[in-house]
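Overview (structure and organization)
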Amino acid sequence: MSKTSPGNFFEDFRLGQIIQHATPRTVTAGDVALYTALYGPRFAVQSSDEFALALGYPRAPVDDLLVFHIVFGKTVSDISLNAVANLGYADCRFLKPVYPGDTLTATSEVIGLKENSSRKTGVVYVRSRGRNQQRQDVLDYVRWVMVRKRDEAAPAPGDEVPELPNAVEAGALGGACPILNVGAYDDALAGSAARLHDYKPGERIDHVDGMTVEEAEHQLATRLYQNTARVHFNLVEAAAGRFGKRLIYGGHAISLARALSFNGLANAFHIAAINGGRHVAPLFAGGTVYAWSQVLARADLPGRTDVGAMRLRTVATKDKPCADFPDKSGKDYDPAVILDLDYWALVPR
Amino acid sequence: MSKTSPGNFFEDFRLGQIIQHATPRTVTAGDVALYTALYGPRFAVQSSDEFALALGYPRAPVDDLLVFHIVFGKTVSDISLNAVANLGYADCRFLKPVYPGDTLTATSEVIGLKENSSRKTGVVYVRSRGRNQQRQDVLDYVRWVMVRKRDEAAPAPGDEVPELPNAVEAGALGGACPILNVGAYDDALAGSAARLHDYKPGERIDHVDGMTVEEAEHQLATRLYQNTARVHFNLVEAAAGRFGKRLIYGGHAISLARALSFNGLANAFHIAAINGGRHVAPLFAGGTVYAWSQVLARADLPGRTDVGAMRLRTVATKDKPCADFPDKSGKDYDPAVILDLDYWALVPR
Amino acid sequence: MSKTSPGNFFEDFRLGQIIQHATPRTVTAGDVALYTALYGPRFAVQSSDEFALALGYPRAPVDDLLVFHIVFGKTVSDISLNAVANLGYADCRFLKPVYPGDTLTATSEVIGLKENSSRKTGVVYVRSRGRNQQRQDVLDYVRWVMVRKRDEAAPAPGDEVPELPNAVEAGALGGACPILNVGAYDDALAGSAARLHDYKPGERIDHVDGMTVEEAEHQLATRLYQNTARVHFNLVEAAAGRFGKRLIYGGHAISLARALSFNGLANAFHIAAINGGRHVAPLFAGGTVYAWSQVLARADLPGRTDVGAMRLRTVATKDKPCADFPDKSGKDYDPAVILDLDYWALVPR
């Protein structure tokens, strides 16, 4: 009986297979403090029990991205330990708020498999779900990764590419946000007077500030998330690898961009869904992350007058301020761009 | 409607103006653990619920300086985002103990404005207050900063320099320390047998140990405090700036010096007030902080026989042990000195 | 009255002397989160309140090694501040589970003293005990350190070397593990189907992964443990010392090896005792720690059918993967080896 797991290779997956991931994790105020120390987010709802309580939450909910990272971390040792590349996310929905004291587990269902023409690798599509101790889904998302084959001669385990939505529909948003007493929403404490209808589709916002990442910081982060992808914290392996150095977990860049976006989006307090995201270029320690956002759309939430949704595209760069909104032209990105994220945030009306 | 805040410039301030700062913050056991990891303080009252309980606290209070840093952090984006220099503190009083679970907010009142003769900058004096969820003031202090003007031609918004006390009076101390059952104060657990009357005015104490600061550490600290001063964590901007590198938040040096001072001042368990402080020289990552203290005075607290106050001057240096008490002669400091802090600590009798 | 403590020198110790160490410490969820961020352990019992509750714990217990480090940290300023070398551990038993909210104190009893022939140093043997707020012992271990003499001419304070067991007996294990409802132990959540009898004495397991240590990380760790050994965080002193750089706390390497050992020993959820350990070579920042383990023995716990004990030897290396099990031959170790640890872990049957 082999005691250690080498992770799954492409030919090990089966369509419809459901994988229960280790390790269950109780999220605590300690995790929240570390998350604050790692990224410096200032959204009032997640920062203050009193602010959250006044709005109708039982207490401050855990940052959406901390929930994402913890659930994602659990999937790594089964799904992407032998990944060549993390290709994309889609249909990511936050379904229930998570509070300190909740315990999260994760499962993944294989929903697509497509061998590459080289026969050396294949793309695995999984729908991963995070669940709390009451067996309620708190998070649900699809990601696809290119995974190595153990044996190039092995037959492809399937040939199906799932259809994925370009964006989550507005009707599917809001599950992780209780009906809020918006009259108690204090703009001064929240840091901005701009409400939903103050943002116009097409509007671009430079988030001004930048944040430099140190090796110790992103290593602390990936370990906090119990993410076992060795490229993030094993210098010996990383030095011999593609980049010659440790690669920062892509989610770290997302959290930095989100924290920076407070300056301009202070009232976009909750990420309700991630429509898609691309890690355009790798990030390494010593890099300074900047970000800008564009308002893609606004939407009502069926039956709700407290909050509305704003579809945002947040672009993050490395070592380049975003006053001139570094972007892509055609298929090519400005060489400074590292992240292009499309998501729905909720904003008080 | 501009969505991002460029911070206030000198001409934006008005005498008497009161600014409500974002973001409310619930302090947790997670923040306390990070504070311990960042500085290594060993004062028994803040470290042990049992020790605190035996003395008459409901549980271990949060370290005074952690409270200070969190309140201070909130003021940065409104007061000092465009500051050239943080010039001083005065009349800083800790008014109520803070416990994990308390939520802190902060306001600042502009109490002085003085344009510099260059007309490029001016000095802004603010009285900042930290408040808990019961709307009780927990901290109150004055600081003054030199702030850039947006437009040199703009008229000065006022011309008033407030009178500030050289030191907080003993009668104003002790609000953040309940009446203690000093009979339960265990010197062995606290780490020292030296009580208030064992210290003599004039006495100097070398705190012996030194502590090296890494970039990741002070970045974690400023983000934990939600302090948005970019010079602390934006290498791109810092590299182009005055020092060519990231500057460590001055409060980080204060907390290091305070933690080091345990070796010699183990029973000076509570900072009741800060009379004044000067960041004599900047501190950068890689620097090793040492400290020594001098007893300036002792004072009774009106009506209290449990604890008394000791006025201390703690001097911190960079890369230089303090066995020979590096100091100033006249107006010039030993070049190793980075901090000169004057404060009142409470000590059991 | 001297206010600062220079630590004890060899001639300051007395046989039978009992030392009460400062500082009492309430362990919190914040400490647990930091421990997770520092090492990335994934053992389900310590990670999830729900998992622990189902088994019969009141909630997730604190990681055994975090308890060890906190107790150990308290002893440093009295026992090993003037140590030349930390020579060994023996008879280390975990006696009661520790939960967030518990407050730990520590005492040490001097059980052996042996001057070295140089008369410049001597070996001090202490039995250290960690105790919770109910005055129950939670941890008990012997360590011996080589300590400098203040005055070479001082007479040796004693001449006695205690007899120490090579290994803790199986009958003394299990105090820190309640009787478990093993039927509720979920192998999928725990990360492995290998139970006690799937491991055979002699079996060797490569833990595959490696983890690189940064200066900020081990400094955060030693300060979290309130460990005052300056060689870990004072670059000025360390640069002038034996290694020319900061030495990483030996316990940091133990925790890294333990966290890595999850891959292969996921169900060895509790360290019940440490039989002995040797820090074969120093570890410095930038080093990448790998580990492998050998099953030395299995043992029943008297009267218990829920769990059994597995005696393990875990060897950690620096910058060298362990697929070929780097070891010692005779008295000489492979030059990559930094740690050789012998302990008992409990595993569900």
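Residues numbered from 1 in each chain as written. Chains lettered and ligands numbered in written order. Predicted model: local features only at pLDDT ≥ 70, side-chain atom pairs only at ≥ 80, totals over all residues. Heavy atoms only, no water.

1. Things to note about the overall build of chain A
In terms of helices and strands, chain A carries nine helices and 13 strands. Computed over its C-alpha atoms, the radius of gyration of chain A comes to 20 Å, within 12% of the 20 Å expected for a compact globule of 349 residues. Taking the principal axes of the C-alpha coordinates as reference, chain A spans close to 65 × 45 × 35 Å. Counting over 349 residues, chain A shows a buried share of 66%. Excluding contacts between residues fewer than 6 apart, the proportion of contacts in chain A whose partners are at least 24 apart in sequence is 79%. Roughly 11,500 Å² of accessible area belongs to chain A as shown, and the carbon and sulfur atoms make up 49% of that amount. Computed over 38 positive and 39 negative side-chain charges, the separation of the two mean positions in chain A equals 4 Å. (Helix = DSSP H or I, 4+ residues; strand = E, 2+ residues; numbered from the N terminus. Rg over C-alpha atoms; globule rule 2.2 N^0.38 Å. Buried < 20%, exposed > 50% of the residue type's maximum accessible area, 1.4 Å probe, protein only. Contact = heavy atoms within 4.5 Å. Areas by Shrake-Rupley, 256 points an atom, 1.4 Å probe, with all protein chains shown as cover. Lys, Arg positive; Asp, Glu negative; His and termini not counted. Charge placed at Lys NZ, Arg CZ, Asp CG, Glu CD.)

2. Structural notes on the relation of the copies chain A and chain C
Superposing chain A onto chain C requires a rotation of 120° together with a translation of 0.0 Å along the rotation axis, leaving an RMSD of 0.0 Å. This pairing of chains is accounted for by a three-fold axis. Of every C-alpha in chain A, the one belonging to Gly-30 of chain A sits nearest the axis of rotation, 2.2 Å from it. The share of interface residues of chain A whose copies in chain C are also at the interface is only 12%, consistent with the copies meeting through different surfaces. (Least-squares fit on C-alpha atoms with pLDDT ≥ 70 in both.)

3. With respect to the relation of the copies chain C and chain B
Here chain C sits on chain B after a turn of 120° about the axis and a move of 0.0 Å along it, with an RMSD of 0.0 Å. In this assembly, only 12% of the residues forming the interface of chain C have copies in chain B that are likewise at the interface, indicating a heterologous arrangement.

4. Examining unusual backbone geometry
All names here are of chain A. A cis amide bond links Ala-22 with the next residue in sequence, Thr-23, at an omega value of -5°. Of note, Thr-23 is situated in strand β1 (residues 18-26). At Gln-226, a residue that is not glycine, the phi angle is positive and equals roughly 55°. In this fold, Gln-226 is placed in the loop between α6 (215-224) and α7 (235-239). The exposure class assigned to Gln-226 is buried, which follows from its relative accessible area of 6%. Non-glycine residue Phe-325 carries a positive phi angle of around 50°. With respect to the helices and strands, the residue Phe-325 is situated in the loop between β10 (307-318) and β11 (328-329). For Phe-325, a relative accessible area of 18% puts it in the buried group.

5. What to know about the interface of chain C and chain B
Listed per partner, the contact involves 34 residues of chain C and 45 residues of chain B. For the pair chain C and chain B, the two sides together bury roughly 3,100 Å², of which 59% comes from carbon and sulfur. Sorting the residues of chain C by area buried against chain B places Lys-3, Pro-24 and Arg-223 of chain C first, and these three jointly supply 22% of that buried surface. At the junction of chain C and chain B, the tally comes to four salt bridges. A salt bridge links Arg-246 of chain C to Glu-214 of chain B, with the shortest nitrogen-to-oxygen separation between them at 2.8 Å. (Buried area = accessible area lost by both parts, 1.4 Å probe. Salt bridge = Lys/Arg side-chain N within 4 Å of Asp/Glu carboxyl O.)

6. As for the environment of Arg-119 of chain B
Residue and element names in this part refer to chain B. Residue placement: Arg-119 occurs in the loop between β3 (103-115) and β4 (121-131). Classification of Arg-119 as partly exposed rests on a relative accessible area of 35%. Measuring from C-alpha to C-alpha, the distance between Arg-119 and Ala-153 comes to 7.7 Å, with 34 residues separating the pair along the chain. Setting aside its immediate chain neighbours within four residues, Arg-119 contacts Lys-149, Glu-152, Ala-153, Ala-154, Pro-155 and Ala-156.

7. Comments concerning the confidence of the model for chain A
The predicted model of chain A has a mean per-residue pLDDT of 97, with 100% of residues at 70 or higher. Across the assembled chains, the prediction reports ipTM 0.97 with pTM 0.98. (pLDDT = per-residue confidence, 0-100.)

8. Topic: helix α8 (residues 250-260) of chain A
Of all 11 residues making up α8 of chain A, 11 are buried, and the element is well covered by its neighbours. Turning to α8 of chain A, its buried residues are Gly-250, Gly-251, His-252, Ala-253, Ile-254, Ser-255, Leu-256, Ala-257, Arg-258, Ala-259 and Leu-260 of chain A.

9. Some remarks on the nonpolar core
Core analysis: the largest hydrophobic core is formed by 192 residues, its most contacted members being Tyr-225 of chain B together with Tyr-225 of chain C. Beyond its immediate stretch of four places on either side in the chain, Tyr-225 of chain B contacts Tyr-35, Leu-38, Tyr-39, Leu-66, His-69, Ile-70, Gly-73 and Tyr-249 of chain B. (Core = buried A, V, L, I, M, F, W, Y, C linked by side-chain atoms within 4.5 Å.)

10. Focus on the packing of helix α1 (residues 29-39) of chain A against helix α6 (residues 215-224) of chain B
Contact geometry for α1 of chain A and α6 of chain B: axes closest at 6 Å, N-to-C directions at 110°. The angle between α1 of chain A and α6 of chain B falls in the class roughly perpendicular. Regarding α1 of chain A and α6 of chain B, the two cross each other, and that crossing is right-handed. The residues of α6 of chain B that touch α1 of chain A, namely those facing Ala-33, Thr-36, Ala-37, Leu-38 and Tyr-39 of chain A, are Gln-219, Leu-220, Arg-223 and Leu-224 of chain B. Of the residues contributing to the contact of α1 of chain A with α6 of chain B, the split by class is six nonpolar, two polar and one charged. (Axes fitted to C-alpha atoms, helices over the stretch in contact; angles between N-to-C directions. Parallel < 35°, antiparallel > 145°, perpendicular 65-115°, else oblique. Left-handed = near helix turned anticlockwise from the far one by under 90°. Nonpolar A, V, L, I, M, F, W, Y, C, P; charged D, E, K, R; others polar.)

11. Considerations on the environment of Ala-106 of chain C
All names here are of chain C. Along the chain, Ala-106 turns up in strand β3 (residues 103-115). What makes Ala-106 buried here is its relative accessible area of 1%. It is 17 Å that separates the C-alpha atoms of Ala-106 and Gly-251, two residues lying 145 residues apart in sequence. Beyond its immediate chain neighbours, meaning those up to four positions away, Ala-106 contacts Ile-19, Gln-20, His-21, Val-71, Lys-74, Arg-129 and Gly-130.

12. Regarding the interface of chain A and chain C
Each partner contributes residues to the interface: chain A has 34 residues there, and chain C has 45 residues. In this structure, the connection of chain A to chain C is made through four salt bridges. Across the pair Glu-203 of chain C and Lys-3 of chain A runs a salt bridge, and its minimum N-O distance is 2.6 Å. In this structure, the connection of chain A to chain C is made through 19 residue pairs in polar contact (both at pLDDT 80 or more). Take the side of chain A that touches chain C: its biggest share by element is seven residues, from β1 of chain A. Of the residues contributing to the side of chain A that touches chain C, the split by class is 10 nonpolar, 16 polar and eight charged. (Polar contact = N/O pair within 3.5 Å; in protein donor to acceptor, adjacent residues only side chain to side chain.)

13. Points about the side chain of His-218 of chain A
Residue and element names in this part refer to chain A. In this structure, His-218 sits in helix α6. Judged by its relative accessible area of 1%, His-218 is buried. Of note is the side chain of His-218, whose polar atom sits 2.7 Å from the side chain of Glu-215. Every residue in contact with His-218, bar those within four places of it in the chain, is listed here: Val-213, His-232, Arg-246, Leu-247, Ile-248 and His-252.

14. Section: the packing of aromatic side chains
Per the counting criterion, the structure on display carries 39 aromatic pairs over all chains. Ring plane angle 40° and centroid distance 5.5 Å describe the contact between Phe-72 of chain B and Tyr-249 of chain B, whose orientation is recorded as tilted. Linking Phe-72 of chain B in helix α4 (residues 64-79) with Tyr-249 of chain B in the loop between α7 (235-239) and α8 (250-260), this pair joins segments that are 177 residues apart in sequence. Taken individually, Phe-72 of chain B and Tyr-249 of chain B each receive the classification buried, so the pair is uniform in this respect. Against the face of Phe-43 of chain A rests Arg-258 of chain A, its NZ or CZ located 3.9 Å from the ring centre. If you follow Lys-3 of chain B out to its NZ or CZ, it ends over the ring of Tyr-199 of chain A, 4.7 Å from the centre. (Phe/Tyr/Trp six-rings, centres within 6.5 Å; stacked < 30°, edge-to-face > 60°. Lys NZ or Arg CZ within 6 Å of the ring centre and 35° of its normal.)

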